[in-house]
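# Residue-level structure breakdown
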Amino acid sequence: MSLRPHIIAPVPEETVRVACAAFPKGNPYLTLRDALGPLFQDEDFAAVFPMNGQPGLPPWRLALVTIMQFRENLADRQAAEAVRARIDGSICCVSN
């Protein structure tokens, strides 16, 4: 797998609005995102990827999923479902 760094797109305003409406008292992942901004970027991981080959998944996204998985004591499938199904995890995994 190779890494082809991309600029991380900002979170759409409508997604932010829905997340804020869903969690009016806040949420740990949204608070983390607001306080720290993007934690990881593709360039942070470029040295561990070969130059050739099919592109891999963005490693910064996998790192954030791993943090969520550890924090909530989730199995691999549960963590994948949480990222797909939950807006708080989705926003944490998209750049602002």
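Scroll up for the structure.
Please read these numbers as outputs of a predicted model, since none were measured by experiment.

The phi dihedral of asparagine 73 is positive, around 55 degrees, even though this residue is not glycine. Checked against the element boundaries, asparagine 73 lands in the loop between helix H3 (59–72) and helix H4 (76–85).

What follows covers the nonpolar core. If you look at the biggest cluster of nonpolar residues, it comprises five residues: Tyr29, Val65, Met68, Ala79 and Val83. Listed by contribution, the elements that provide at least two residues to this core are H3 and H4.

It is the contact of H3 with H4, at a shortest axis distance of 10 Å, that shows an interaxial angle of 115 degrees. Put simply, H3 runs roughly perpendicular to H4. When you trace H3 past H4, the crossing you get is right-handed. Contacts between H3 and H4 involve Val65, Met68 and Gln69 from the former and Asp76, Ala79 and Val83 from the latter. Tallied by class, residues from the contact of H3 with H4 come to four nonpolar, one polar and one charged.

Calculation notes
Residues numbered from 1 in each chain as written. Predicted model: local features only at pLDDT ≥ 70, side-chain atom pairs only at ≥ 80, totals over all residues. Heavy atoms only, no water. Helix = DSSP H or I, 4+ residues; strand = E, 2+ residues; numbered from the N terminus. Core = buried A, V, L, I, M, F, W, Y, C linked by side-chain atoms within 4.5 Å. Buried < 20%, exposed > 50% of the residue type's maximum accessible area, 1.4 Å probe, protein only. Axes fitted to C-alpha atoms, helices over the stretch in contact; angles between N-to-C directions. Parallel < 35°, antiparallel > 145°, perpendicular 65-115°, else oblique. Left-handed = near helix turned anticlockwise from the far one by under 90°. Contact = heavy atoms within 4.5 Å. Nonpolar A, V, L, I, M, F, W, Y, C, P; charged D, E, K, R; others polar.

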